[in-house]
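# Commentary on secondary and tertiary structure
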Amino acid sequence: MKKRKRYEKLLDIKKQKKQQAKERRHAKAVAEGRDLEEERRLQLEREKSGEGKKRREEEWNKRMESAKTSFRVCIDCGFESLMTFKEINSLANQIRYCYAANKRSNNPVYISVSSLNESGTAFQQLSKVEGFPDQWKPRGFSCSSESLKNMHDMKNLVYLTSDSEKTLEHLDDSKTYVIGGIVDRNRLKGTTIEKANEIGIETAKLPIDEYLKLVATKVLTVNHVFEILLKYRELGNDWKKALMEVLPQRKDITEVEREN
């Protein structure tokens, strides 16, 4: 009961913040002297004519051109049996965040999700999202119940895990980088590298220690790892800038002094 009340309270806070943000945008538009009724009328006309949708499709296709020759990302959901319902629900949300970040990016990539069984909790939670998975697929997204090694060519895979001895220096556009779909990495420490070693996949870790000192945990969410990869390419292959932009401030980040 306490958990439910806490959850409902968080939902109320989220709704309040959303309403406050909407009011701030409205106040800003009024202050700028914009004709909101005219803007809304033009928007409805574009929606009715299909002009807006056509323009968005053209913009997306143009941005996806670079994805054809870029690295790819796979989220491995083969750990569902090891996680609680709450953890799996969190993972489903993190996959949503990855998809949303990719849609917003100027340099989107192809995302795949392996071991996403339709009877599983993660798939069921994602199915509550309008448009999943059919409307996601034209946006560089794919998912399958197939295992990681059956869905991809293993020689092109690099499993990203903080337990790897190899540090990722740059992103190879011929590779697919795998992010383990695990939420509580402290409780399941070593699980991803054990799997990678078992099926014979190359591993690497993000170069966090080379650029930053984290006072808090180094454990990152699936979407944080994904966004760091996107930002690395978007910011001119600069790990430091990518890490600083993506990682939350609560991790008490300080920069590492590097010798020239």
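Everything in this summary refers to the structure shown in the same document.

Reading guide: rules and limits
- Residues numbered from 1 in each chain as written.
- Predicted model: local features only at pLDDT ≥ 70, side-chain atom pairs only at ≥ 80, totals over all residues.
- Heavy atoms only, no water.
- Pairing = 2+ DSSP bridges.
- Helix = DSSP H or I, 4+ residues; strand = E, 2+ residues; numbered from the N terminus.
- Axes fitted to C-alpha atoms, helices over the stretch in contact; angles between N-to-C directions.
- Contact = heavy atoms within 4.5 Å.
- Buried < 20%, exposed > 50% of the residue type's maximum accessible area, 1.4 Å probe, protein only.
- Right-handed = clockwise from strand over helix to strand, strands pointing away.
- Phe/Tyr/Trp six-rings, centres within 6.5 Å; stacked < 30°, edge-to-face > 60°.

### A word on the sheet that holds strand S1 (residues 72-76)
A sheet is described by the order of its strands in space; here 6 strands give the open sequence S3-S2-S1-S5-S4-S6, paired in parallel fashion. Pairing within the sheet leaves two strands with one partner each, and these edge strands are strand S3 (141-143) and strand S6 (202-204). Averaged over all adjacent pairs, the angle separating strand axes in this sheet is 25°, with direction ignored. Packing against the sheet, helix H4 (residues 85-104) makes contact with S1, strand S2 (111-114) and S3, and its axis sits at approximately 165° to S2.

### Quick word on the pairing of S2
The side chains of a regular strand alternate between the sheet's two faces. Here S2 shows a buried face lined by Ile111 and Val113 and a second buried face lined by Ser112 and Ser114. Bridge count for S1 against S2 is 4 bridges, and the pairing is parallel. What sits directly across from Ile75, in S2, is Val113. With H4 bridging S1 and the parallel S2, this β-α-β connection has right-handed handedness.

### Let's talk about the packing of aromatic side chains
By the definition in use, this model includes 8 aromatic pairs. With centroids separated by 6.2 Å and ring planes inclined at 80°, the aromatic side chains of Tyr99 and Phe141 adopt a geometry described as edge-to-face. Separated by 42 residues along the polypeptide, Tyr99 in helix H4 and Phe141 in strand S3 bring together distant segments of the chain.

### Here we look at helix H7 (residues 191-199)
Restricting attention to buried positions, one finds in H7 the residues Thr191, Thr192, Ile193, Lys195, Ala196 and Ile199. Looking at the buried residues of H7, the elements they touch are S1, helix H6 (148-151), strand S4 (157-160), strand S5 (176-180) and S6. Of the residues trailing H7, Gly200 is marked for its positive phi of about 80°.

### Re the side chain of Gln94
Locating Gln94 in the fold gives a position in helix H4. For Gln94, a relative accessible area of 6% puts it in the buried group. Once you skip the residues sitting within four places of it in the chain, Gln94 turns out to touch Val183, Thr221, Val222 and Asn223.

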